[in-house]
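In case you want the letters, here they are:
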Number of protein chains: 2
Amino acid sequence: MPKQVDHRGRREAIARALWRVVEQRGVAHLTMRVVAQEAGISLGQLQHYFASRAAMLSFAMDFASEQTSLRVGQGLEKLGDRPHPRDVLRLTLAEMLPLHADARATSRMSAAYVLEALHDEAVHEQARRGLVEGRALVEQLVRQAVADGHIDSDRDPATETNLLLALTGLTPLIELEVIEPRDALTAIDLHLDRLFSGNEMRSSSGGLQWVP
Amino acid sequence: MPKQVDHRGRREAIARALWRVVEQRGVAHLTMRVVAQEAGISLGQLQHYFASRAAMLSFAMDFASEQTSLRVGQGLEKLGDRPHPRDVLRLTLAEMLPLHADARATSRMSAAYVLEALHDEAVHEQARRGLVEGRALVEQLVRQAVADGHIDSDRDPATETNLLLALTGLTPLIELEVIEPRDALTAIDLHLDRLFSGNEMRSSSGGLQWVP
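- An unreviewed UniProt entry lists chain A under the name TetR/AcrR family transcriptional regulator, from Nonomuraea purpurea.

Structure representation (structure tokens):
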């Protein structure tokens, strides 16, 4: 009987090897040969799992998105049954910034991926779809927060969503140590305070409590 | 007598060839050989001007920053003798986004450059210095606007500066056609309206007039 192989596990191990290459050596070194080496397998074995560099990158990016969602999900669990939309947004934005090793790996992956997407049609479609879906989730959250009275109804959810996602623009400032991670969180908190201003009371713990 | 060669002009022509490679083919193709080909010179001639890929990239990035400053400067001239700080910021931010061909080239250059900086010490130092200087200019503008009563004095100039620079985070949304260029400008205008809110009157032309 042939040995059972955990294909999904193998592919994830390869994706993690790819992340390490991107994070530690840079996207310029991202070839199938280098990833195979980093994953400790032969090029032939790697090609068994991914037919091309684009297919490998594609899977690694999907896996990165999943891992980010997982981290956000784990953070949400700690916020209790009905987390405040401000806290959900803060957690989501913080996980999109390179503030810890895992988030840094996925952030760098994502930056490299957008650059690749500009010159590869298949990557472009996948990257675009991912961004459209992520943006839609945030806009849905903003619309619900408006409906629930957490955000003023005169705010335009589409533009507020774009301004929230724009906060990932703090990334180069953090990566090149122009600002400290705490400065980035201060900026995010200030932006969120203004978005939710007038409709909430800040709790003494620094989180926000909805006042019914 | 040897032929006079315009060295600065040659280097700029090489930098522009490098931009075209980054914009049209992507940073993965950014080798000295490809740039030489794009510039229509031999690899040896290219190496006469730049000893390494890093030196070439370094010059191309400095040149890109100069060109962006030049475009902002040309825009400022049209704003008259004492441009309003809101208009200066709008112009600066708009030129940092990939909203037209030249800005797209420098924006892509800049994104590729930040990724390179993470794995090359010399590039890191230069990129960091550029960001620190650019950030300082924006913060100086914000501080002056506070001093002149254009922005409320209870705003923290450092955090407001970080939030302004974060608006470059709209770049992936524009590049991957998730939002339209006009959506990006709407978001920037809304952010600037709030920054200057309470201290100004909006003119009917859509620009801002300071009311003394």
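Past the structure itself, the notes keep going.
1. Observations regarding the overall build of chain A
Part 1: Looking only at helices and strands, one finds 10 helices and 2 strands in chain A.
Part 2: Mapped from its N terminus to its C terminus, chain A presents α and β elements in the order α-α-α-α-α-α-α-α-α-α-β-β.
Part 3: Projected onto the principal axes, the alpha-carbon positions of chain A cover approximately 60 × 45 × 30 Å.
Part 4: Per-residue burial over chain A gives 48% buried out of 212 residues.
Part 5: In chain A, of all internal contacts separated by at least 6 residues, the share reaching a separation of at least 24 is 63%.
Part 6: For chain A, the computed accessible surface area is about 10,600 Å², with 51% contributed by carbon and sulfur atoms.
Part 7: Within chain A, the 29 negative side-chain charges are centred at a point lying 6 Å from the centre of the 24 positive side-chain charges.

2. Brief notes about the relation of the copies chain B and chain A
Part 1: Under the fitted operation, chain B is carried onto chain A by 0.0 Å of movement along the axis and a turn of 180°, and the coordinates agree to an RMSD of 0.0 Å. Such a turn and shift between the copies fits a two-fold axis. Residues of chain B ranked by C-alpha distance from the rotation axis are headed by B:Gly169, positioned 1.7 Å from it.
Part 2: The share of interface residues of chain B whose copies in chain A are also at the interface is 100%, consistent with both copies meeting through the same surface.

3. Here we look at the interface of chain B and chain A
Part 1: Counting from both sides, the interface comprises 46 residues of chain B and, opposite them, 46 residues of chain A.
Part 2: Between chain B and chain A the total buried area reaches about 3,600 Å² when both faces are included, carbon and sulfur atoms providing 72% of it.
Part 3: Counting across the interface, chain B meets chain A through 2 salt bridges.
Part 4: Linking chain B with chain A are 12 residue pairs in polar contact (both at pLDDT 80 or more), by the criterion used here.
Part 5: Mapped by element, the contributors of at least two residues to the side of chain B that touches chain A are helix H1 (7-25), helix H6 (101-117), helix H7 (121-147), helix H8 (157-166), helix H9 (171-175) and helix H10 (181-195) of chain B.

4. As for unusual backbone geometry
In most cases, non-glycine residues show a negative phi, while peptide bonds are predominantly trans.
Part 1: Within the chain, A:Glu177 stands out as a residue other than glycine whose phi angle is a positive 55°.
Part 2: Relative to the helices and strands, A:Glu177 is located in the loop between helix H9 (171-175) and helix H10 (181-195).

5. Quick notes on the layout of surface pockets
Part 1: Of the pockets and cavities examined, the second largest pocket occupies roughly 340 Å³.
Part 2: Forming the boundary of the second largest pocket are 20 residues, of which A:Arg53, A:Glu116, B:Val27, B:Ala28 and B:His29 lie nearest the centre.
Part 3: Listed by contribution, the elements that provide at least two residues to the lining of the second largest pocket are helix H6 (101-117) of chain A together with H1 of chain B.
Part 4: Residue composition of the lining of the second largest pocket, grouped by class: 9 nonpolar, 5 polar and 6 charged.

6. Comments concerning the UniProt feature "DNA-binding region" (unreviewed entry) in chain A
Part 1: Here, UniProt's "DNA-binding region" (unreviewed entry) annotation points to residues 31-50 of chain A.
Part 2: End C-alpha atoms of residues 31-50 of chain A are separated by 12 Å, and the span's content is 75% helix alongside 0% strand.

7. Notes on helix H2 (residues 32-39) of chain B
Residue and element names in this part refer to chain B.
Part 1: Residues of H2 that are buried: Met32, Val34, Val35 and Ala36.
Part 2: Where H2 is buried, its residues meet H1, helix H3 (43-49) and helix H4 (53-77).
Part 3: A positive backbone phi angle near 70° is found at Gly40, which sits one or two residues after H2.

8. Here we look at the side chain of A:Arg71
Residues and elements named next belong to chain A.
Part 1: Mapped onto the elements, Arg71 comes out in helix H4 (residues 53-77).
Part 2: On the accessibility criterion, Arg71 (13% relative accessible area) is buried.
Part 3: When residues no more than four places from it in sequence are discounted, the contact partners of Arg71 are Glu95, His100, Asp102, Ala103 and Thr106.

9. Considerations on the packing of aromatic side chains
Residue and element names in this part refer to chain A.
Part 1: Tallied over the full model, the rule gives 6 aromatic pairs over all chains.
Part 2: Three or more aromatic residues joined by ring pairs make a cluster, and in this case those are Trp19, Phe50, Phe59 and Phe63.
Part 3: The ring of Phe59 is capped by Arg11, whose NZ or CZ atom sits 4.8 Å from the centre of that ring.

10. Quick notes on the pattern of salt bridges
Part 1: Counted by the stated rule, this structure contains 30 salt bridges over all chains.
Part 2: Three or more residues are tied together by salt bridges with common partners; here these are A:Arg86, A:Arg90, A:Asp189 and A:Asp193.

11. Focus on empty space enclosed by the protein
Part 1: Here the structure, examined in full by the defined rule, presents 3 cavities of 30 Å³ or more.
Part 2: Approximately 60 Å³ is the volume attributed to the largest cavity.
Part 3: Every residue lining the largest cavity is listed: A:His191, A:Arg194, B:Arg155, B:His191, B:Arg194 and B:Leu195.
Part 4: Of all the secondary structure elements, the ones that give two or more residues to the lining of the largest cavity are H10 of chain A together with H10 of chain B.
Part 5: Among the elements that take part in the lining of the largest cavity, H10(B) stands out by supplying 3 residues, more than any other.

12. Things to note about the UniProt feature "domain: HTH tetR-type" (unreviewed entry) in chain A
Part 1: Feature annotation in UniProt places "domain: HTH tetR-type" (unreviewed entry) on residues 8-68 of chain A, given in this structure's numbering.
Part 2: Its end C-alpha atoms 18 Å apart, residues 8-68 of chain A is made of 79% helix and 0% strand.

About the thresholds
Residues numbered from 1 in each chain as written. Chains lettered and ligands numbered in written order. Predicted model: local features only at pLDDT ≥ 70, side-chain atom pairs only at ≥ 80, totals over all residues. Heavy atoms only, no water. Helix = DSSP H or I, 4+ residues; strand = E, 2+ residues; numbered from the N terminus. Buried < 20%, exposed > 50% of the residue type's maximum accessible area, 1.4 Å probe, protein only. Contact = heavy atoms within 4.5 Å. Areas by Shrake-Rupley, 256 points an atom, 1.4 Å probe, with all protein chains shown as cover. Lys, Arg positive; Asp, Glu negative; His and termini not counted. Charge placed at Lys NZ, Arg CZ, Asp CG, Glu CD. Least-squares fit on C-alpha atoms with pLDDT ≥ 70 in both. Buried area = accessible area lost by both parts, 1.4 Å probe. Salt bridge = Lys/Arg side-chain N within 4 Å of Asp/Glu carboxyl O. Polar contact = N/O pair within 3.5 Å; in protein donor to acceptor, adjacent residues only side chain to side chain. 1 Å grid on protein atoms, 1.4 Å probe; cavity = no way out; pocket = protein on both sides within 12 Å on 5 of 7 lines; lining within 4 Å. Points joined across faces, edges and corners; volume = space filled by probe spheres on them. Nonpolar A, V, L, I, M, F, W, Y, C, P; charged D, E, K, R; others polar. UniProt positions renumbered as here; feature names shortened; annotations may be inferred. Phe/Tyr/Trp six-rings, centres within 6.5 Å; stacked < 30°, edge-to-face > 60°. Lys NZ or Arg CZ within 6 Å of the ring centre and 35° of its normal.

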